[in-house]
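Coordinate analysis (summary)
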Amino acid sequence: MKAVRLEATGRLAVSRMEKPAPGPGEMLVKVEACGICGTDRHLFLGEFPSKPPVILGHEFVGIIEAVGQGVTAFRPGMRVTGDPNIACGRCPECQRGRVNLCRNLQAIGIHRDGGFAEYVCMPEQQAFELPQSLAPLHGAFCEPLACCLHGVDLAKIRAGASVAVLGGGVIGLLVVQLARLAGATRVVLVTRNADKRRLAEDLGATATADPSSGDVADLVTADHGLLPGGADVVIECAGVAETMEQAPLLARRGGTVVILGVMPQGARISMQPFDLLFREIKLVNSFLNPFTHGRAADLIASGVIKVEPLISRRIGLDDAPEAIANPARNGEIRVIVVPGP
């Protein structure tokens, strides 16, 4: 089979490799689509821990081609999405139900071969069925949506709440939709890109703000701003120092800030502890997708979450290394790798 493999930090290769065979409890999946995530670029640059050589790609969907011994819940021909994060089930964090914090976590596409390939093997317990009628490219959004669901769960958005979302990429645009589903009546998305601001409003944002047009805190929280006094919940989705530092400034007194964006390993930001204390800002970090992938699959299958407008372009495996290694094109939201014709 053909696959895109991270050979070492800063080196990707499109290679011909032996087609994998499913072991006991595993399934062989013919990949229909796999999204390129910002984490893939972090992996390429050595900014996120991984175990090269490894085939990247953790946002995949495909059709089961074969099942290994002991697989009972799935059969060939089913379309499935894969939760890439495999917890050990034995460590103290797993025993507490915090499987996303597993000390022995193994992730498909990071520690073991992933979905930027014609085929991928996955354990049965990581699979969730999707309908045959679903557009395959839509299934590639299950994993990022699952991560967003965890963040929104932690935010504890109540009916009638106000929410500020920082970042207009795929995560921010999914969070806008989830915030509205959770009952938020005012959702403001902050991003420089005008096309993303328009799309956010089409997807449910009640207002948007351009940070290049003035001070973001003033635009959002001032008496004349979009959310006077600040937001009940602020969700940081960009993963850059500027928005990480802005996020607490947009929260109301007693508000909650959820960090969903991923910054490079070792990066630092500045915050004002006295301000966090004086306004009793709750700062929450959201990591991965504990027990949310099934809910994400159901939401994608139902069509409640709109993902078609988030697809910027589809590419083949040969073009994937260039797309992974370089920053997204201006205005680009999600690039999907389609291994087949």
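Description of the structure in this document. All figures in this text were calculated on a predicted structure; none of them were measured in a lab.

1. Observations regarding the nonpolar core
Membership of the largest hydrophobic core comes to 49 residues, with the highest contact counts inside it found for Ile-157, Val-163, Ile-235 and Leu-310. When near neighbours in sequence (up to four residues on either side) are disregarded, Leu-310 contacts Phe-141, Val-170, Leu-173, Leu-174, Leu-199, Leu-203, Ile-333 and Arg-334. Judged by nonpolar contacts, the second largest core, of 41 residues, contains Leu-12, Ile-36, Met-78 and Leu-317.

2. What about the sheet that holds strand S1 (residues 2-8)?
Spatial strand order, S2-S1-S4: 3 strands in an open sheet with antiparallel pairing. Of all strands in the sheet, those with a lone pairing partner are strand S2 (11-16) and strand S4 (54-55), marking the two edges. Note: S1 against S2, 6 bridges, orientation antiparallel. Each bridged residue has a counterpart across the sheet, and for Lys-2 the counterpart in S2 is Arg-16.

3. What to know about the packing of aromatic side chains
For the structure on display, the rule yields 1 aromatic pair. Between Phe-274 and Phe-278 the ring centres are 5.5 Å apart and the planes differ by 15 degrees, which places this aromatic pair in the stacked class. On the criterion of helical spacing, the pair formed by Phe-274 and Phe-278 is a turn pair, its members being 4 residues apart in helix H9 (residues 273-278). Each member of the pair, Phe-274 together with Phe-278, is exposed. The ring of Tyr-119 is capped by Lys-19, whose NZ or CZ atom sits 4.4 Å from the centre of that ring.

4. Structural notes on the pattern of salt bridges
One pass over the full model with this rule turns up 15 salt bridges. Of the charged contacts, one joins Glu-26 and Arg-112 as a salt bridge, the two residues approaching to 3.2 Å between their closest N and O atoms. Of this pair, Glu-26 sits in strand S3 (residues 26-35) while Arg-112 sits in the loop between strand S8 (106-107) and strand S9 (119-123), and the two are 86 residues apart along the sequence. Linking Arg-252 and Asp-232 is a salt bridge whose minimum nitrogen-to-oxygen distance equals 2.5 Å. Of the two residues, Arg-252 sits in strand S15 (residues 251-259) while Asp-232 sits in strand S14 (residues 231-236), which places them 20 residues apart along the sequence. Taking the relative accessible area as the measure of exposure, Arg-252 reaches 31% and is therefore partly exposed. If you follow the salt bridges from partner to partner, you end up with Glu-93, Arg-96 and Arg-103 in one network.

5. As for unusual backbone geometry
In this chain, Pro-52 is followed by Pro-53 through a cis amide linkage whose omega measures 0 degrees. The phi angle at Lys-156 is positive, at roughly 55 degrees, despite the residue not being glycine. As for its placement among the helices and strands, Lys-156 is situated in the loop between helix H4 (142-155) and strand S11 (162-166).

6. Points about the side chain of Asp-40
Counting through the fold element by element, Asp-40 comes out in helix H1 (residues 38-45). The side chain of Asp-40 sits in the buried core without any salt bridge; Arg-334 is the nearest counter-charge, 7.2 Å away. Setting aside anything within four residues of it in sequence, one finds Asp-40 in contact with Gly-35, Leu-56, Gly-57, His-58, Phe-116 and Ile-324.

7. A closer look at the packing of H4 against helix H5 (residues 170-181)
Across the interface, H4 lies against H5 with an axial gap of 10 Å and an inter-helix angle of 55 degrees. Accordingly, the angle class assigned to the pair H4 and H5 is oblique. Two packed elements cross with a definite hand, and for H4 against H5 that hand is right-handed. Together, Pro-144, Leu-145, Cys-148, Leu-149 and Val-152 of H4 and Ile-171, Leu-174, Val-175 and Leu-178 of H5 make up the contact between the two elements. A per-class count over the contact of H4 with H5 returns 9 nonpolar, no polar and no charged.

Basis of the calculations
- Residues numbered from 1 in each chain as written.
- Predicted model: local features only at pLDDT ≥ 70, side-chain atom pairs only at ≥ 80, totals over all residues.
- Heavy atoms only, no water.
- Core = buried A, V, L, I, M, F, W, Y, C linked by side-chain atoms within 4.5 Å.
- Buried < 20%, exposed > 50% of the residue type's maximum accessible area, 1.4 Å probe, protein only.
- Contact = heavy atoms within 4.5 Å.
- Pairing = 2+ DSSP bridges.
- Helix = DSSP H or I, 4+ residues; strand = E, 2+ residues; numbered from the N terminus.
- Phe/Tyr/Trp six-rings, centres within 6.5 Å; stacked < 30°, edge-to-face > 60°.
- Lys NZ or Arg CZ within 6 Å of the ring centre and 35° of its normal.
- Salt bridge = Lys/Arg side-chain N within 4 Å of Asp/Glu carboxyl O.
- Lys, Arg positive; Asp, Glu negative; His and termini not counted.
- Axes fitted to C-alpha atoms, helices over the stretch in contact; angles between N-to-C directions.
- Parallel < 35°, antiparallel > 145°, perpendicular 65-115°, else oblique.
- Left-handed = near helix turned anticlockwise from the far one by under 90°.
- Nonpolar A, V, L, I, M, F, W, Y, C, P; charged D, E, K, R; others polar.

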